[in-house]
Amino acid sequence: VQLQASGGGLVQAGGSLRLSCAASGRTLSSIGMGWFRQAPGKEREFVATISRSGRDTRYIDSVKGRFTISKDSAKNTMYLQLNNLKPEDTAVYYCAARVTDTDNLSYIPTQYHYWGQGTQVTVSS
């Protein structure tokens with residue numbers, strides 16, 4: 001599986017961005033996917049995840065109500081809509097995929113087998 005993340009940029013606080021993660025080599029219905037982020041000097045942290053079927057999603061508390069994860073099977077692409085951005089959302093955002101036989105979710109980076117290259121999101125105050 002190859003993942004290509006895009007859509008990052010520089011926005012003011014309160015602004016919006018939509019991140020995309022295009023997958024190749026496997027259909028989204030066969031993999032669980034997620035978004036993680038890493039700010040300078042900090043560890044990589046879980047942001048959001050979506051199940052294989054797309055029926056279930058989970059978010060880190062700090063982004064609930066502001067971020068929305070989704071996927072388009074026809075385009076084999078996952079998205080992360082970021083609304084009401086805050087300076088503390090500044091980070092490199094990574095998309096990730098894991099091969100799984102279940103519809104379970106995972107928040108643990110080491111359970112993901114494939115990673116995109118990351119896209120920078122910078123939020124100015």
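Just so you know, these numbers come straight off a predicted model, no measurement behind them.

Scoring rules and cut-offs
- Residues numbered from 1 in each chain as written.
- Predicted model: local features only at pLDDT ≥ 70, side-chain atom pairs only at ≥ 80, totals over all residues.
- Heavy atoms only, no water.
- Helix = DSSP H or I, 4+ residues; strand = E, 2+ residues; numbered from the N terminus.
- Rg over C-alpha atoms; globule rule 2.2 N^0.38 Å.
- Buried < 20%, exposed > 50% of the residue type's maximum accessible area, 1.4 Å probe, protein only.
- Areas by Shrake-Rupley, 256 points an atom, 1.4 Å probe, with all protein chains shown as cover.
- Lys, Arg positive; Asp, Glu negative; His and termini not counted.
- Charge placed at Lys NZ, Arg CZ, Asp CG, Glu CD.
- Phe/Tyr/Trp six-rings, centres within 6.5 Å; stacked < 30°, edge-to-face > 60°.
- Contact = heavy atoms within 4.5 Å.
- Polar contact = N/O pair within 3.5 Å; in protein donor to acceptor, adjacent residues only side chain to side chain.
- Pairing = 2+ DSSP bridges.
- Salt bridge = Lys/Arg side-chain N within 4 Å of Asp/Glu carboxyl O.

## Comments concerning the overall build of the protein
Then, number 1: Across its full length, the protein carries zero helices and 11 strands.
Then, number 2: Helices (α) and strands (β) of the protein occur, in sequence order from the N terminus, as β-β-β-β-β-β-β-β-β-β-β.
Then, number 3: The globule rule puts the C-alpha radius of gyration for 125 residues at 14 Å, and the 13 Å found for the protein is close to it.
Then, number 4: By principal-axis analysis of the C-alpha atoms, the protein measures approximately 45 × 25 × 25 Å.
Then, number 5: Looking at the protein as a whole, 42% of its 125 residues qualify as buried.
Then, number 6: Just so you have it, the protein exposes about 6300 Å², and 45% of that area is on carbon and sulfur atoms.
Then, number 7: Mean positive and mean negative side-chain charge positions of the protein (14 and 9 charges, respectively) differ by 4 Å.

## Considerations on the packing of aromatic side chains
Then, number 1: On inspection of all chains with the given rule, the structure shows five aromatic pairs.
Then, number 2: With a centroid separation of 5.1 Å and 55° between ring planes, the pair formed by Phe36 and Trp115 is classed as tilted. With Phe36 in strand E4 (residues 31–38) and Trp115 in strand E10 (residues 114–115), this pair connects stretches of sequence that are 79 residues apart.
Then, number 3: Residue Phe36 is classed as buried on the basis of its relative accessible area, which comes to 0%.
Then, number 4: A relative accessible area of 28% places Trp115 in the partly exposed class.
Then, number 5: For the ring pair Phe46 and Tyr107, a centre distance of 5.1 Å and an interplane angle of 85° mean the geometry is edge-to-face.

## Describing the environment of Thr100
Then, number 1: Inspection of the secondary structure assignment puts Thr100 in the loop between strand E9 (91–99) and E10.
Then, number 2: Residue Thr100 is classed as buried on the basis of its relative accessible area of 11%.
Then, number 3: Expressed as a C-alpha distance, the spacing of Thr100 and Ser30, which sit 70 residues apart in the sequence, is 7.1 Å.
Then, number 4: The residues touching Thr100, leaving out its near neighbours within four places in the chain, are Ser30, Gly32 and Arg52.
Then, number 5: Among the polar contacts made by the side chain of Thr100, one reaches the main-chain amide nitrogen of Thr102 at a distance of 3.1 Å.

## Side note on the pairing of strand E7 (residues 67–72)
Then, number 1: Every second residue of E7 is oriented toward a common face, the buried set being Phe67, Ile69 and Lys71 and the non-buried set Thr68, Ser70 and Asp72.
Then, number 2: Relative to strand E8 (residues 77–82), E7 runs antiparallel, the two sharing six bridges. Within E8, the residue paired with Ser70 across the bridge is Tyr79.
Then, number 3: Linking E7 back to E8 in an antiparallel pair, the connection comprises four residues, with Asn76 at a positive phi of about 50°.

## Focus on the pattern of salt bridges
Then, number 1: Summed over all chains, the structure comprises six salt bridges.
Then, number 2: One salt bridge connects Lys64 with Asp61, and the closest N-O pair in it is separated by 3.0 Å.
Then, number 3: If you follow the salt bridges from partner to partner, you end up with Arg37, Glu45, Arg66 and Asp89 in one network.

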